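Report on the structure
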Amino acid sequence: MRLDLENLPSDIDSLHRLVRDMASAMANRDDEIERLQRLLKTLRRGQFGRRSERLDPDQLALGLEDLDADLARIGTQRSPVVATDEESAPKGRATFDDHLPREDVTCDLAHEVCPDCGGGLHEVGESVSEMLDWVPAQLRVIRIRRPKYGCRRCNSIHQAPAPERPIAKGLATSGLLAQVLVSKYCDHSPLYRQAQIFARHGARIERSTLAGWVGGACWWLEPLHARLADHVFASAKLFADDTPLPVLDPGRGRTKTGRLWVYARDDRPWAGPDPPAVVFFYSPDRKALRPAAHLENFKGVLQVDGYAGFETLVESGEVTLAACWAHARRKFYDFHQATGSPIAAEALRRIAELYAVEKALRGQSSETRQRAREAQARPLIEAMKPWLEVQLGRLPKKGGLAEAIRYSLARWPALCRFLDDGRIELDNNPVERAIRPVALGRKNHLFAGSDGGAERWAMVTSLIATAKLNDVEPYAYLKDVLERMVDGHKASRLDELLPWNWAPKSGTS
């Protein structure tokens, strides 16, 4: 319902009816908001409630998106009074980067004299507001014309050589290849869905053709992935983890479980000078020899979860393991959520005190962090261990809480490693964050089609994840890198193409 204040009814009965209609509309709106807010609370219990009440994270995200949209629709319904100035319009919460192109649209008066007195008008200022527009993706065909020239004297023909193509005899430009890679490995859109999207835009491309493009593009990116791995393993402090990846096994007519191994370096928490990076590797199994091969030349501190395969790395004397307090905490948290145990609650409180110390130290130098930990965190650690040992002696040996305590005590030296080295984090969360998009990709792709497909997944994900860590837009990065490599970029200049060194060419978008 909208009201025009300039044309209100003059009789009392019509005004009464108008007010009653307005009151009814507002009451209905309030009832609907209250109902949606109750649903929102129910969904949030699915995120933070007991494990039995929790929803699949992706289902939860979809539910929250729809409910938030419903609330926004009701909350931003037009006021019954017509807006007469800009301040009456609802304000959005989106922010727009400065590099986005701007197009000015001028809304000017249709008259040059004052409608009230007839005097001449002069400009005294302007009001400026912004809206965000979407220009749909556009496919275009680039026609490469190469004129031929003949010589009458010697009857020879001359023509400029054809430009190098990213895929031999292929139809895709570097820009299109970058779009396919980012859609598949960053936005988790499988190739068959991309084929449907291209068809809607007027280009019918077989899924198998797209797959061939992915393989060809990855051939160019292989040396860059290897150079990225060199950078990661050159660090003296790494995070490591692995995650399952279903891979089609045609011989058995079903999938097998491969592994993606991920190694990350991130010195930002202790103000280190080197850029963050992450590299993935695929293996068909989870044998300990896999990380041993990846880390063959690594020397330093490796922060890991509780996987026993990492333990063999310390035998060389070159690797020191640091454990993850988040994994230790999770076992107490799960038990507390299931039982409400006061002992588990106390363990969680003590671990929270460690995290409170760390929060104040983030971004400071390793020396400053080490001194503060010595003064603030070490007393907490020294009090926690005997307390855990006392509680363990009072509990049934096969109980879940005893298992949580034994998990921590068995890794106590590795859990305490952060006290003596300011570069070490309290947990393994940087690598956990790198793995999270892979889990979403698994839900969309379901499985990799082959071991080779899984290796390509690891390769492209490494470059995309590292680009995002360094605030580099993945599509612009991959498009420009492919163009430069196709144009003859030498291997000796690969360092220039790593995400943190990459500088886009003028006009790259």
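Data block above holds the structure.
Residues numbered from 1 in each chain as written. Predicted model: local features only at pLDDT ≥ 70, side-chain atom pairs only at ≥ 80, totals over all residues. Heavy atoms only, no water.

Digging into the overall build of the chain
Within the chain one finds 14 helices and seven strands. Taking all 509 residues of the chain together, 38% fall into the buried category. In the chain, the share of contacts with a sequence separation of at least 24, taken over all contacts with a separation of at least 6, comes to 64%. Just so you have it, the chain exposes about 31100 Å², and 52% of that area is on carbon and sulfur atoms. (Helix = DSSP H or I, 4+ residues; strand = E, 2+ residues; numbered from the N terminus. Buried < 20%, exposed > 50% of the residue type's maximum accessible area, 1.4 Å probe, protein only. Contact = heavy atoms within 4.5 Å. Areas by Shrake-Rupley, 256 points an atom, 1.4 Å probe, with all protein chains shown as cover.)

Looking at a negative patch on the surface
A cluster of acidic residues, Glu103, Asp104, Asp108, Glu112, Glu123, Glu126 and Asp133, forms a negative patch at the surface. Secondary-structure assignment places aspartate 108 in the loop between α2 (57-75) and β1 (148-150). Note on aspartate 108: relative accessible area 66%, which makes it exposed. (Patch = residues over 30% accessible without salt bridge, like charges linked within 9 Å, V, L, I, M, F, W, Y side chains within 5 Å. Salt bridge = Lys/Arg side-chain N within 4 Å of Asp/Glu carboxyl O. Lys, Arg positive; Asp, Glu negative; His and termini not counted. Charge placed at Lys NZ, Arg CZ, Asp CG, Glu CD.)

Quick notes on the packing of aromatic side chains
Counted by the stated rule, this structure contains nine aromatic pairs. Note on tryptophan 325 and tryptophan 412: the rings are 5.7 Å apart at their centroids and 80° apart in plane angle, and the pair reads as edge-to-face. Taken as a pair, tryptophan 325 in helix α7 (residues 325-339) and tryptophan 412 in helix α11 (residues 412-415) lie far apart in primary sequence, 87 residues in all. Like tryptophan 325, the residue tryptophan 412 is buried in the burial classification. What links up through ring pairs into an aromatic cluster is the set Phe233, Tyr263 and Phe281. Lying over the aromatic face of tyrosine 407, lysine 331 brings its terminal NZ or CZ to 4.8 Å of the ring centre. (Phe/Tyr/Trp six-rings, centres within 6.5 Å; stacked < 30°, edge-to-face > 60°. Lys NZ or Arg CZ within 6 Å of the ring centre and 35° of its normal.)

A short note on the packing of α7 against helix α10 (residues 400-410)
Where α7 contacts α10, the axes come no closer than 9 Å and their chain directions differ by 170°. The angle between α7 and α10 falls in the class roughly antiparallel. Of α10, the residues touching α7 (which contributes His327, Ala328, Lys331, Phe332 and Phe335) are Gly400, Leu401, Ala404, Ile405, Tyr407 and Ser408. The residue inventory of the contact of α7 with α10, partitioned by class, reads seven nonpolar, three polar and one charged. (Axes fitted to C-alpha atoms, helices over the stretch in contact; angles between N-to-C directions. Parallel < 35°, antiparallel > 145°, perpendicular 65-115°, else oblique. Nonpolar A, V, L, I, M, F, W, Y, C, P; charged D, E, K, R; others polar.)

Some words on the packing of α7 against helix α8 (residues 342-361)
At their nearest, the axes of α7 and α8 sit 9 Å apart, and the two run at 150° to each other. What the angle tells us is that α7 and α8 run roughly antiparallel. The element α7 and its partner α8 pack so that their crossing is left-handed. Where α7 abuts α8, its residues Trp325, Ala326, Arg329, Phe332, Tyr333, Phe335 and His336 lie against Ala344, Ala345, Ala347, Leu348, Ile351, Leu354 and Tyr355. Considered class by class, the residues forming the contact of α7 with α8 number twelve nonpolar, one polar and one charged. (Left-handed = near helix turned anticlockwise from the far one by under 90°.)

Things to note about the pattern of salt bridges
Evaluated as defined, the whole model comprises 20 salt bridges. Residue glutamate 374 is joined to arginine 378 by a salt bridge in which the shortest nitrogen-to-oxygen separation is 2.9 Å. In this pair, glutamate 374 and arginine 378 both sit in helix α9 (residues 366-394), four residues apart, roughly one turn of the helix. In this structure, a network of salt bridges that share partners links the residues Glu346, Arg349, Arg350 and Glu353.

What about unusual backbone geometry?
Positioned with a positive phi, asparagine 155 is a non-glycine residue whose angle comes to about 60°. One non-glycine residue with positive phi stands out, namely histidine 188, at about 60°. The buried category is assigned to histidine 188, whose relative accessible area is 8%.

Looking at helix α3 (residues 174-185)
In an α-helix, one turn spans 3.6 residues; hence positions three or four apart end up facing the same way. Here α3 is twelve residues long and its end C-alpha atoms lie 16 Å apart, about the 16 Å a rise of 1.5 Å per residue gives. Counted residue by residue, α3 has eleven buried out of twelve residues, so it is predominantly covered. Turning to α3, its buried residues number three or more, namely Ser174, Gly175, Leu176, Leu177, Ala178, Val180, Leu181, Val182, Ser183, Lys184 and Tyr185. (Expected span 1.5 Å × (residues − 1).)

A word on the state of the cysteines
According to the stated counting rule, one finds zero disulfides in the structure shown. No disulfide involves cysteine 117; its nearest neighbouring cysteine sulfur is the one of cysteine 114, lying 3.8 Å away. (Disulfide = S-S within 2.5 Å.)

Considering the environment of alanine 211
Structurally, the position occupied by alanine 211 is in helix α5 (residues 207-233). Alanine 211 sits in the partly exposed class, given a relative accessible area of 31%. When the C-alpha atoms of alanine 211 and leucine 191 are compared, they prove to be 7.2 Å apart, with 20 residues separating the residues in sequence.

Structural notes on α9
Across its 29 residues, α9 extends 39 Å between first and last C-alpha, which sits within 8% of the 42 Å expected from 1.5 Å per residue. For α9, the set of buried residues is Ser366, Arg369, Ala372, Arg373, Ala377, Ile381, Met384, Trp387, Leu388 and Gln391. For α9, the elements touching its buried residues are α7, α8, α10 and α11.

Description of the side chain of glutamate 358
Residue placement: glutamate 358 occurs in helix α8. Not counting residues within four places of it along the chain, the set of residues in contact with glutamate 358 comprises Arg369, Arg373, Phe418 and Leu426.

Points about the side chain of asparagine 470
Within the secondary structure layout, asparagine 470 lies in the loop between α13 (451-469) and α14 (474-486). For asparagine 470, the side chain forms a polar contact with the main-chain oxygen of proline 276, separated by 3.0 Å. Look past the residues within four positions of asparagine 470 in its chain and what remains in contact with it is Pro275, Pro276 and Trp500. (Polar contact = N/O pair within 3.5 Å; in protein donor to acceptor, adjacent residues only side chain to side chain.)

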